[in-house]
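# Coordinate inspection notes
Listed below are the residues making up each chain.
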Amino acid sequence: MWERERVSKTTTKTLQYRFDGPEDAPVLILGAPLGTTQHMWDRQIPELSQRWRIFRFDLPGHGGAPAHPATAVGELSDRLLATLDSLGVQRFGYAGCSIGGAIGADLALRHPNRVASLALVAASPRFGSADEFRQRGVVVRTNGLEPMARSAPERWFTPGFAAAQAAIVEWAVQMVRTTDPGCYIAACEALAAFDIRTELGRIGVPTLVLVGAEDQVTGPAEARTLVAGIPDARLALVPGASHLAPVEQPAAVTDLLVTHFSTSWQDTVAAIPVPGAGPALSAPVLPIAEIAPAIDQPEAVTNGRADPFEPGMRVRREVLGNAHVDRVLAASDEFTGEFQELVTRYAWGETWTREGLDRRTRSCITLTALITSGHLESLAPHIRAALRNGLTPAEIKEVLLQTAVYCGIPAAGAAFTIAQTVIQEETRPRP
């Protein structure tokens with residue numbers, strides 16, 4: 001019944017996984033959060049594996065999995081499907097926690113024929129802000145994973161549990177410490193870009209939204225947003241649990257999952273048996289009325305081709321951060337508004353979106369150009385952008401040293417002063 005961990009292939013297209021449970025049972029997939037491994041589900045396995053063939057997987061670079069970074073939730077979903085395809089698994093139930101839940105929601109949106117039932121644990125249609133996750137990537141790129149490891153217990157567990165369960169807390173910290181930093185940063189990029197708020201109405205699979213009552217990361221408010229948007233969704237609130245509810249309240253979470261997947265398995269493939277009824281739910285469950293799906297808007301066209309404004313705004317926000325762009329746009333008026341449109345459409349939509357150079361290189365060029373031209377008032381946001389685009393403080397220093405030789409000592413000196421302040425601020429771990 002219990003099987004060792006496997007890596008399906010040594011390629012970038014598949015994932016490390018393991019099976020537990022009867023080979024002829026329907027498959028139930030369990031997805032783990034950022035910074036954890038598949039073993040966070042260990043306490044659910046004995047009971048779940050009596051009814052289902054449990055499939056667990058590790059995110060890239062987590063739990064000893066090959067370190068092939070994925071910077072989009074859809075890319076993680078594609079790798080999971082490639083792994084399942086290689087094993088002949090076509091239809092399955094899916095329960096995922098945090099980014100694991102994001103993968104499940106993405107599968108339900110893009111591959112609804114594959115998902116028989118869905119549970120979203122400590123999940124959200126949008127995880128915080130894009131700026132928050134990109135700044136976390138900057139911290140990890142500069143300081144390694146130790147700041148994330150040290151702060152994990154307060155994000156994942158209630159204070160009482162953390163104080164009483166020192167061994168579990170240390171286990172959680174070690175999971176983070178042993179994660180590949182590049183894969184962690186890539187997953188932060190994936191979460192920064194994840195936003196399905198306008199698409200929730202298209203999730204057509206029966207869905208349990210499960211959340212710890214004391215979750216400060218993706219709490220009850222985010223859970224209710226999911227339930228309000230997904231037509232066939234129910235809410236389960238777990239008392240005495242924070243973000244890693246399956247670890248902190250394993251019996252309650254197991255009970256909820258057994259009941260949901262036993263009674264809400266949308267079986268459209270006759271060859272897959274449906275498990276029998278389970279026990280009553282141990283947390284409140286409320287049905288939500290159906291909400292109409294969002295309607296895709298046609299893309300604007302200018303002179304026979306797509307208007308670069310929307311992709312330009314997307315890249316501008318990704319590179320400079322929402323907070324900076326929001327401040328600039330809020331300060332614009334009738335006089336300056338058209339200039340901001342021009343910047344978005346042509347600087348960002350026509351130039352920064354080109355494939356000829358990656359964003360790291362474009363940041364190097366931009367920093368050099370700003371210093372050379374004396375436009376130091378624009379340097380600070382582009383130092384932040386360079387960090388977000390993957391340059392380390394050491395690499396930024398090399399760019400500034402290069403400009404000192406070719407652009408002048410005074411200009412480079414002023415740039416060093418600005419850069420030092422920005423780097424200290426951006427690479428400092430935040431609560």
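Quick caveat, the model's predicted, so the values are computed rather than measured.

A word on the pattern of salt bridges. Considering all chains together, one arrives at 21 salt bridges under this definition. For D78, the salt bridge goes to R110, with nearest N and O atoms at 2.9 Å. Here the residue D78 occupies a position in helix α2 (residues 73–87), and R110 occupies one in helix α3 (residues 99–110), the gap between them amounting to 32 residues. For D78, a relative accessible area of 38% gives the class partly exposed. On the accessibility criterion, R110 (39% relative accessible area) is partly exposed. Here R114 ties to D85 by a salt bridge, and the two come within 2.8 Å at their closest N and O atoms. Of this pair, R114 sits in the loop between α3 and β6 (115–121) while D85 sits in helix α2, and the two are 29 residues apart along the sequence. On the basis of relative accessibility, which here comes to 40%, the residue D85 falls in the partly exposed class. Shared partners join several salt bridges into a network, and the residues in it are R18, D20, D42 and R56.

Let us look at unusual backbone geometry. Of note in the backbone geometry, S98 takes a positive phi value of approximately 60 degrees without being a glycine. For S98, the location among the structural elements is in the loop between β5 (92–97) and α3. Unusually for a residue other than glycine, A122 sits at a positive phi of about 50 degrees. Relative to the assigned elements, A122 resides in the loop between β6 and α4 (130–143). A relative accessible area of 2% means that A122 is categorised as buried.

Taken together, the side chains of F339, L342 and Y346 present a nonpolar region at the surface, about 340 Å² in accessible area. Mapped onto the secondary structure, L342 falls in helix α14 (residues 337–352). Judged by relative accessible area, which is 46%, L342 ranks as partly exposed.

A few words now on the side chain of E426. Locating E426 in the fold gives a position in helix α18 (residues 409–426). One polar contact links E426 to R384, side chain to side chain, over a distance of 3.3 Å.

We now examine the nonpolar core. The biggest cluster of nonpolar side chains holds 96 residues, and the ones touching the most others in it are F57, L80 and F92. Contact partners of F92, with chain neighbours within four places excluded, come to V27, I29, L81, L84, L107, R114, V115, A116, S117 and W265. L370, L379, L387 and L391 belong to the second largest nonpolar core, which has 17 residues in total.

Now for the environment of H382. Looking at where H382 falls in the secondary structure, it is placed in helix α16 (residues 379–388). H382 sits in the buried class, given a relative accessible area of 14%. Considering only alpha carbons, one finds H382 and L320, 62 residues apart in sequence, at a separation of 7.0 Å. Among all residues touching H382, those that are not within four sequence positions of it are L320, W348, W352, T366, L367 and L370.

All right, on to the pairing of strand β4 (residues 53–57) then. Where burial is concerned, most of β4 is hidden: five out of the five residues are buried. Along β4, one buried face is formed by R53, F55 and F57 and the opposite face, lined by I54 and R56, is buried too. Pairing analysis gives four bridges linking strand β2 (residues 16–20) to β4, with the strands arranged antiparallel. Note on β4: the bridge partner recorded for F19 is F55. Pairing between strand β3 (residues 27–31) and β4: four bridges, direction parallel. Across the sheet, the residue bridging to L28 is I54, located in β4.

On the surface, D333, E334, E338 and E341 cluster together into a patch of negative charge. Locating E341 in the fold gives a position in helix α14. For E341, a relative accessible area of 39% gives the class partly exposed.

So, on to the environment of I230. Assignment of secondary structure puts I230 in the loop between α9 (220–229) and β8 (233–238). Sequence separation between I230 and V205 is 25 residues; the distance between their C-alpha atoms is 8.7 Å. Sequence-distant contacts of I230, that is, excluding residues within four places in its chain, are made with L120, L200, I203 and T207.

Glancing now at helix α7 (residues 166–177). Its twelve residues place the ends of α7 16 Å apart at the C-alpha level, agreeing with the 16 Å of an ideal helix rising 1.5 Å per residue. I168, V169, A172, V173, M175 and V176 are the residues of α7 that are buried. The buried residues of α7 all sit within an arc of 155 degrees when viewed along its axis, so they share a single face. The exposed set on the far side of α7, more than 90 degrees from its buried face, consists of A166 and A167. Buried residues along α7 sit against α5 (146–156), α6 (159–164) and α10 (245–248).

Our focus in this paragraph is the pairing of β6. Burial analysis of β6 places seven of its seven residues in the buried class, the great majority of the element. Bridge analysis of β5 against β6 gives six bridges, and the strand direction is parallel. Bridge pairing links F92 to V115 in β6. In this region the chain leaves β5, passes through α3 and returns to the parallel neighbour β6; the handedness of that crossover is right-handed. Two strands pair when backbone bridges link them, and β6 and strand β7 (residues 207–212) are joined in this way by four bridges, in the parallel orientation. Note that in β7 the partner of V121 across the bridge is L210.

About the criteria used
Residues numbered from 1 in each chain as written. Predicted model: local features only at pLDDT ≥ 70, side-chain atom pairs only at ≥ 80, totals over all residues. Heavy atoms only, no water. Salt bridge = Lys/Arg side-chain N within 4 Å of Asp/Glu carboxyl O. Helix = DSSP H or I, 4+ residues; strand = E, 2+ residues; numbered from the N terminus. Buried < 20%, exposed > 50% of the residue type's maximum accessible area, 1.4 Å probe, protein only. Patch = residues over 30% accessible without salt bridge, like charges linked within 9 Å, V, L, I, M, F, W, Y side chains within 5 Å. Areas by Shrake-Rupley, 256 points an atom, 1.4 Å probe, with all protein chains shown as cover. Polar contact = N/O pair within 3.5 Å; in protein donor to acceptor, adjacent residues only side chain to side chain. Core = buried A, V, L, I, M, F, W, Y, C linked by side-chain atoms within 4.5 Å. Contact = heavy atoms within 4.5 Å. Pairing = 2+ DSSP bridges. Lys, Arg positive; Asp, Glu negative; His and termini not counted. Charge placed at Lys NZ, Arg CZ, Asp CG, Glu CD. Expected span 1.5 Å × (residues − 1). Arc of directions from axis to C-beta. Right-handed = clockwise from strand over helix to strand, strands pointing away.

Everything listed is a geometric property; what it means functionally is a separate question.
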